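Each chain, letter by letter, is given below.
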Amino acid sequence: MTATEPATGTDLLDAVADLGAALRQSLEASTSTTASAAQLREAAAGIRAATAPLAALPRPYDKLPAVDDMARAVRVFNPVVGVGSGVAVPLDLRPDPAGGGVVARAALGQRYEGPPTFLHGGISALLMDQVLGHAAIAANRWGMTVGLDVRYRRPVPLHVTVRLAGRVAAIDGRRTTVVGTIAADDAPDVALVEATAVFVSPSPEVAARYFAGVRTASGEQVSGRVGTG
Ligand SMILES: CCCCCCCCCC(=O)SCCNC(=O)CCNC(=O)[C@H](O)C(C)(C)COP(=O)(O)OP(=O)(O)OC[C@H]1O[C@@H](n2cnc3c(N)ncnc32)[C@H](O)[C@@H]1OP(=O)(O)O
């Protein structure tokens, strides 16, 4: 069982993952195609037609999807790890066998481009926030990000497998400091991006205020806290 692996292989979860994969293929194709204007308009019409029946069945944003499992930190529409998300990679984070923390490998596509042929710096920050957050959760130290420091040493190439890793560096009361890197998978010791994040577990009063209206699909109240199962 991994930190980001969905709970069960239910038919609904399989369908959510299938749609997520189709959306990601569509985004990737839309950012790398040389199709004509007419072909693009035809594609846009088809996508709008396919979207309409989904939009007609909305889920309130404070009701969690039935396929989520907060206790195991599985959030299926998370924009980094969620298998149902069109914008997610999705990263498959696993315990790092090389000494604590979590690690994932991925080749980032054209849809994440910043400078030509390289990863957008904001996407690097997004990925690091998530990876370091999961490293905190893996150490049973869930918290909200209060600080994220990113150093861009070298550009991250697209379409090349990179290794994203994070591990807890320090614990101080409700504060957890986590460090991590993005590096080429074949040169893991040469950091392209280095990041340090501080996560703070909200006080029970603050958590109750923030997440008071949030319910699971079966109607149970949630604390917001993830990865506690
Ligand atoms: C699938 C699961 C996904 C898991 C990965 C998710 C990764 C992505 C995570 C996010 O995106 S989180 C969203 C972005 N973050 C926020 O919106 C957090 C906004 N900040 C807050 O709401 C509050 O700061 C917070 C609830 C986190 C804390 O408020 P509290 O009122 O509970 O705590 P308080 O302010 O008393 O601070 C507690 C301790 O943390 C310390 N602290 C607070 N802010 C700090 C800071 N910026 N840097 C260092 N320390 C800080 C603070 O000094 C204090 O230290 P001491 O206990 O020693 O006094």
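Above this text is the structure in question.
Criteria and thresholds
- Residues numbered from 1 in each chain as written.
- Predicted model: local features only at pLDDT ≥ 70, side-chain atom pairs only at ≥ 80, totals over all residues.
- Heavy atoms only, no water.
- Helix = DSSP H or I, 4+ residues; strand = E, 2+ residues; numbered from the N terminus.
- Rg over C-alpha atoms; globule rule 2.2 N^0.38 Å.
- Buried < 20%, exposed > 50% of the residue type's maximum accessible area, 1.4 Å probe, protein only.
- Salt bridge = Lys/Arg side-chain N within 4 Å of Asp/Glu carboxyl O.
- Near = heavy atom within 4 Å.
- Polar contact = N/O pair within 3.5 Å; in protein donor to acceptor, adjacent residues only side chain to side chain.
- Areas by Shrake-Rupley, 256 points an atom, 1.4 Å probe, with all protein chains shown as cover.
- Core = buried A, V, L, I, M, F, W, Y, C linked by side-chain atoms within 4.5 Å.
- Expected span 1.5 Å × (residues − 1).
- Phe/Tyr/Trp six-rings, centres within 6.5 Å; stacked < 30°, edge-to-face > 60°.
- Pairing = 2+ DSSP bridges.
- Contact = heavy atoms within 4.5 Å.
- Axes fitted to C-alpha atoms, helices over the stretch in contact; angles between N-to-C directions.

1. Brief notes about the overall build of the protein chain
The number of helices and strands found in the protein chain is four helices and six strands. Counting helices and strands in the order they occur from the N terminus, the protein chain gives α-α-β-β-α-β-β-β-β-α. Taking 2.2 N^0.38 as the reference for a compact globule, 229 residues should give roughly 17 Å; the C-alpha atoms of the protein chain span a radius of gyration of 19 Å, in line with that estimate. Along the three orthogonal principal directions, the C-alpha set of the protein chain runs to about 60 × 45 × 30 Å. Counting the 229 residues in the protein chain, one finds 35% classified as buried.

2. A closer look at the pattern of salt bridges
Scanning the model with the defined rule gives 10 salt bridges in all. Glu194 is paired through a salt bridge with Arg151; the nearest N and O atoms lie 3.8 Å apart. Of the two residues, Glu194 sits in strand E6 (residues 191-200) while Arg151 sits in strand E3 (residues 144-152), which places them 43 residues apart along the sequence. Looking at Arg151, the relative accessible area reads 24%, which means it is partly exposed. Close ionic contact of Asp172 with Arg175 constitutes a salt bridge, the shortest N to O distance being 2.5 Å. Each of the salt bridges in this network shares a partner with another, and the network as a whole consists of Asp149, Arg151, Arg153 and Glu194.

3. Some remarks on the site of the ligand
Neighbouring the ligand are 16 residues, the closest being Thr145, Arg174, Arg175, Ser203 and Tyr210. Here a nitrogen atom of the ligand sits 2.9 Å away from a polar atom, N or O, in the main chain of Thr145. Coverage of the ligand by the protein chains reaches 57% of its 1200 Å² of free accessible surface. Of all the secondary structure elements, the ones that give two or more residues to the shell around the ligand are helix H3 (121-138), E3 and helix H4 (204-210).

4. A look at the nonpolar core
By size, the foremost hydrophobic cluster in this structure holds 30 residues, and its most contacted members are Leu91, Leu108, Leu127 and Leu164. Counting residues in hydrophobic clusters, the runner-up holds 10 residues, among them Leu64, Met70, Phe211 and Val226.

5. Describing H3
Its 18 residues give H3 an end-to-end C-alpha distance of 26 Å, which sits within 8% of 26 Å, the value for a rise of 1.5 Å per residue. If you check which residues of H3 are buried, you get Ser124, Ala125, Leu127, Met128, Gln130, Val131, Leu132, Gly133, His134, Ala135, Ala136 and Ile137.

6. Considering the packing of aromatic side chains
The final tally for this structure, using the stated rule, is one aromatic pair. Taking 6.0 Å as the distance between ring centres and 85° as the angle between the ring planes, the aromatic pair formed by Tyr210 and Phe211 counts as edge-to-face. A residue is classified by how much of its surface remains accessible, and Tyr210, at 47% relative accessible area, is partly exposed.

7. Considerations on the sheet that holds E3
Remark on secondary structure: sheet strands pair via backbone hydrogen bonds, oriented parallel or antiparallel. Strand order in the open sheet formed by six strands is E1-E2-E4-E5-E6-E3, with antiparallel pairing between adjacent strands. Both edges of this open sheet fall to strand E1 (94-95) and E3, since each of them pairs with a single strand only. Bridging between strand E5 (residues 175-184) and E6 involves nine bridges; their strand directions are antiparallel. For Ile182, the partnering residue across the bridge sits in E6 and is Val193. Against the sheet, H3 touches strand E2 (102-107), E3, strand E4 (161-172), E5 and E6, its axis set at about 50° to E4.

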